[in-house]
Each structure stands twice: as C-alpha cells, then as structure tokens.
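These are the residues of each chain, in order.
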Amino acid sequence: MHKLAHILRLGIKELTSLRHDSVLLVFLFYAFSVAIYMPAAGSVIGVHNASVAIVDEDHSLVSRKLGEALQPPEFQPAVTLPYDQLDQAMDSGQYTFVINIPVNFQSDLLAGRTPELQVNVDATAMSQAFMGAGYIGRIVERELLDYARQTAAAHSPA
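Residues numbered from 1 in each chain as written. Predicted model: local features only at pLDDT ≥ 70, side-chain atom pairs only at ≥ 80, totals over all residues. Heavy atoms only, no water.

(A) Here's a closer look at helix 6 (residues 126-155). In this model, helix 6 (30 residues) spans 43 Å end to end at C-alpha, consistent with the 44 Å of a helix rising 1.5 Å per residue. Those residues of helix 6 not exposed but buried are Gln-128, Ala-129, Gly-132, Ile-136, Ile-139, Val-140, Glu-143, Leu-144, Tyr-147 and Thr-151. Where helix 6 is buried, its residues meet helix 3 (61-69), strand 3 (97-101), helix 5 (105-110) and strand 4 (118-121). (Helix = DSSP H or I, 4+ residues; strand = E, 2+ residues; numbered from the N terminus. Expected span 1.5 Å × (residues − 1). Buried < 20%, exposed > 50% of the residue type's maximum accessible area, 1.4 Å probe, protein only. Contact = heavy atoms within 4.5 Å.)

Structure follows, in structure tokens:
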C-alpha cells in the first residue's frame, strides 16, 4: 500500500508541474485531438490524384513504360508535354510533377551507361511533393529493373 501511495504522490506532483509547462500542454492537446481527428476525418496526408506530365524527348519503349507506370489513385494519367512548355506548366501550377526523359535515354541504358531523369516538383503542395517524389523514384527504379531483366532475358542464349 505504501508503494501505491508513493506512486500517487509522484503522479500528482507531475500533473502539478505540467500546468506550468505550456509547450507540453499544447503538444498534448495536439497529440490527443488534432493528430487523431485529421486522419479519421479523411484528410489526405499522402499522395492522391497528383498531376503528372512527361517531357518525352526519347520517344522510346522505356519512356512510354515509365509514363504508363504512374497509376491512380496516387497519380493522374501522365500527360505528354512539349519541352518548350515545361517552365510555363510548372510556373502556372498545372502539374505537381513534370518528368523530363532526355534524348537517347533507352540507348544509354542499353549501353550500360547511367542516364539521368529530371523530376521537376511543384513544392506548393508540400506533403504531396515530398512523398510523390519518393513514389516516382521507386516507380522509375522498379520499371528500369524490370526492363533490364526483360532485356537480359531476351539477349541470353536459350
């Protein structure tokens, strides 16, 4: 019984000191109200229906596959965009992501070089921009690995 009384006194002491710690009170209020209510109310925290455009300067099978890999519900179907409209589309906020696939991307890939893509991100929608860029990176990596496996299988002697 003595241990329970000691625990009770310590608990009361902590609650008394809590009323003087305004930062901790605000955090507790947030953690047990807003942080629970927002996901429960259906607020979108991840990537959902993000607009994507592709500047396809390569016009290859790989670039088409990359465009087709961006699927709903995370992304809207990818729209092909001419290179000279890239800056205007990003400045107007028309697309959240614009992927630029350079000339000779597929041939560089087949030659064993490491071609690079450019992903332009409109960071005004911060959570979508951060998470979406990660999603796009993983999707591109997955598609390139699949393509490399298919190419290796097609060129290997049977």
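(B) Summary view of the environment of Ser-51. In this structure, Ser-51 sits in the loop between helix 2 (22-40) and strand 1 (52-56). Take Ser-51: its relative accessible area is 9%, and that puts it in the buried class. Residues Ser-51 and Lys-65, 14 residues apart in the sequence, show an inter-C-alpha distance of 17 Å. Among the polar contacts listed, one links the side chain of Ser-51 to the backbone oxygen of Gln-94, at a separation of 3.4 Å. (Polar contact = N/O pair within 3.5 Å; in protein donor to acceptor, adjacent residues only side chain to side chain.)

(C) Focus on unusual backbone geometry. In this structure, Pro-73 follows Pro-72 across a cis peptide bond, with omega equal to 10°. Within the secondary structure layout, Pro-73 lies in the loop between helix 3 and strand 2 (79-80). The phi torsion at His-59 lies on the positive side, around 50°, for a residue other than glycine.

(D) Focus on a nonpolar patch on the surface. Nonpolar side chains collect at one region of the surface, where Leu-24, Phe-27, Phe-29, Tyr-30, Val-34, Tyr-37 and Met-38 lie side by side and expose about 740 Å² of accessible area between them. Looking at the secondary structure, you find Phe-27 in helix 2. (Patch = residues over 30% accessible without salt bridge, like charges linked within 9 Å, V, L, I, M, F, W, Y side chains within 5 Å. Areas by Shrake-Rupley, 256 points an atom, 1.4 Å probe, with all protein chains shown as cover. Salt bridge = Lys/Arg side-chain N within 4 Å of Asp/Glu carboxyl O.)

(E) Geometry of helix 3. Every buried residue of helix 3 is accounted for by Val-62, Ser-63, Leu-66, Gly-67 and Ala-69. The arc that holds the buried residues of helix 3, viewed along the axis, is 160°, so those residues lie on one side. Of the surrounding elements, those touching the buried residues of helix 3 are strand 1, strand 3, helix 5 and helix 6. (Arc of directions from axis to C-beta.)

(F) Representation of the sheet that holds strand 3 within the structure. One open sheet holds the four strands; their spatial order is 2-1-3-4, and the pairing between them is mixed. Two strands close off the open sheet at either side, each with one partner strand: strand 2 and strand 4. Pairing analysis gives two bridges linking strand 1 to strand 2, with the strands arranged parallel. Directly across from Ile-54, in strand 2, lies its bridge partner Thr-80. Together, strand 3 and strand 4 form the strand contacts of helix 6, whose direction differs from that of strand 3 by roughly 30°. (Pairing = 2+ DSSP bridges. Axes fitted to C-alpha atoms, helices over the stretch in contact; angles between N-to-C directions.)

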